[in-house]
Amino acid sequence: APVGLVDDTERDHPPVQAIWESREPALFLKRDELRNERAEVVGRGNHVMAGLWNGEQAVGFFAADNLVTGRLITVQQQELLGLLAVSVGHLCTLKRAEERIRSEIREKEMLVRETNHRVKNNMQIIASLLNLQARHCTDPAVVRMFRESRLRIQAMAQVHEMLYVSHVPSRLDFGRYVESL
């Protein structure tokens, strides 16, 4: 969106307040007295200020004045300042979005690690319970069933572990899996 130029000569309040109130990347041109942050007059001339917006949030300002050179601030310079303000505002938006995405990725990675840990623990508990049950049985057929069930659980746990450490979780090196069994 293009930056609109607002002549702030007629306003009673400072451009910073006007930028905050505008809720858009407007460029304010002030003619007459130039004031510092304490509202003290520091000279006469032109002062241009543009707000930096990150979506709905003001994140800062770009400002220029002609106190040193005494030359008028040209329309091209005003447009450049406005374009810089819009561009930096967009960059701020992108940077915050990138930070939010990185934070969400870290959170999801932590949840995957936690889930993997719980699955491994649950499979180990099931295998241990089957082993304990087998110890209390005297019938060799029942003991064999418990042992086979425990080995199936261990095989599933091994597949789970191989998928977890794999760089491509949708693929499993079946040869390596069979060797490890």
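To be clear, the structure that these remarks concern was listed above.
Below or above, wherever it landed, is the structure these notes cover. The structure displayed is predicted, hence computed values, not measured ones.

## A short note on the overall build of the protein chain
Step number 1: Helices and strands together make up the secondary structure of the protein chain, namely four helices and four strands.
Step number 2: Secondary structure elements of the protein chain, listed N to C terminal, follow the sequence β-α-β-β-β-α-α-α.
Step number 3: Scored against the burial criterion, the 181 residues of the protein chain give a buried share of 23%.
Step number 4: In the protein chain, of all internal contacts separated by at least 6 residues, the share reaching a separation of at least 24 is 40%.
Step number 5: Accessible surface, the protein chain as shown: approximately 13200 Å² in total, 57% of it carbon and sulfur.

## Some details on the packing of helix α2 (residues 75-135) against helix α3 (residues 140-165)
Step number 1: At a minimum axis distance of 8 Å, the contact between α2 and α3 shows a crossing angle of 165°. Classified by the angle their axes make, α2 and α3 are roughly antiparallel. Read as a crossing pair, α2 and α3 show a hand that is left-handed. In this structure, α2 uses Val 112, Arg 113, Asn 116, Val 119, Lys 120, Met 123, Ile 126, Ala 127, Leu 130, Asn 131, Gln 133 and Ala 134 to contact α3, whose residues at the interface are Val 143, Phe 146, Ser 149, Arg 150, Ile 153, Gln 154, Met 156, Ala 157, His 160, Glu 161 and Tyr 164.
Step number 2: Here the contact of α2 with α3 is composed, by residue class, of 13 nonpolar, six polar and four charged.

## With respect to the pattern of salt bridges
Step number 1: Per the counting criterion, the structure on display carries four salt bridges.
Step number 2: Across the pair Glu 161 and Lys 120 runs a salt bridge whose closest N-O atoms are separated by 3.6 Å. Taken together, the positions of Glu 161 in helix α3 and Lys 120 in helix α2 put the pair 41 residues apart, joining distant regions of the chain.
Step number 3: You can call Lys 120 partly exposed: its relative accessible area is 37%.

## Let's talk about α3
Since there are 3.6 residues in each turn of an α-helix, residues three or four apart along the chain are aligned in direction.
Step number 1: Its 26 residues place the ends of α3 37 Å apart at the C-alpha level, agreeing with the 38 Å of an ideal helix rising 1.5 Å per residue.
Step number 2: Considered for burial, the residues of α3 that qualify are Phe 146, Arg 150, Ile 153, Ala 155 and Met 162.
Step number 3: The N-terminus of α3 is capped by Asp 139, whose side-chain oxygen sits 3.2 Å from the backbone nitrogen of Ala 141.

## As for the side chain of Arg 150
Step number 1: Here Arg 150 shows up in helix α3.
Step number 2: For Arg 150, which is buried and forms no salt bridge, the nearest opposite charge comes from Glu 148, at a distance of 11 Å.
Step number 3: The contact partners of Arg 150, leaving out residues within four places of it in the chain, are Ala 127, Leu 130 and Asn 131.

## Quick notes on α2
Step number 1: Over its 61 residues, α2 extends 90 Å from the first C-alpha to the last, a length consistent with the 90 Å expected when each residue adds 1.5 Å.
Step number 2: Listed in full, the buried residues belonging to α2 are Gln 78, Leu 81, Gly 82, Ala 85, Val 86, Gly 89, Asn 116, Met 123, Ala 127, Leu 130 and Ala 134.

Conventions used here
Every chain's residues receive numbers from 1 upward, in the order its sequence appears when written. pLDDT decides what is reported in this predicted model: residues at 70 or higher carry local features, side-chain atom pairs at 80 or more are listed and counted, and totals for whole chains, interfaces and linings draw on all residues regardless. The basis for the side-chain values is all heavy atoms of the structure; hydrogens and waters are excluded. Starting at the N terminus, helices and strands are each numbered in turn, a helix being any DSSP run of H or I of at least four residues and a strand any DSSP run of E of at least two. Three labels apply to residues, based on accessible area from a 1.4 Å probe with only protein chains included: buried if under 20% of the type maximum, exposed if over 50%, partly exposed otherwise in between. By definition, residues are in contact when any of their heavy atoms lie within 4.5 Å. Note on areas: these come from Shrake-Rupley sampling with a 1.4 Å probe, and a residue is covered only by the protein chains present in the view. Simply put, an axis is a line fit to the C-alpha atoms, just over the touching stretch for a helix, and the angle between two N-to-C directions goes from 0 to 180 degrees. Should an angle lie under 35 degrees it is considered roughly parallel, over 145 roughly antiparallel, and from 65 to 115 roughly perpendicular; all remaining angles are considered oblique. Crossing handedness follows the turn of the near helix against the far one: under a right angle anticlockwise gives a left-handed crossing, and clockwise gives a right-handed one. Following the grouping adopted for this structure description, the nonpolar residues are Ala, Val, Leu, Ile, Met, Phe, Trp, Tyr, Cys and Pro, the charged ones are Asp, Glu, Lys and Arg, and the polar ones are all others, Gly among them. What makes a salt bridge here is a side-chain nitrogen of Lys or Arg within 4 Å of a carboxyl oxygen of Asp or Glu, nothing more. The length a helix should cover is 1.5 Å for every residue beyond the first. Polar contacts, as counted here, are pairs of nitrogen or oxygen atoms within 3.5 Å of one another; within protein the pair requires one atom able to donate a hydrogen and one able to accept it, and residues that are adjacent in sequence qualify only if both atoms are side-chain atoms. For this count, His and the chain ends are skipped, Lys and Arg are scored as positive, and Asp and Glu as negative.

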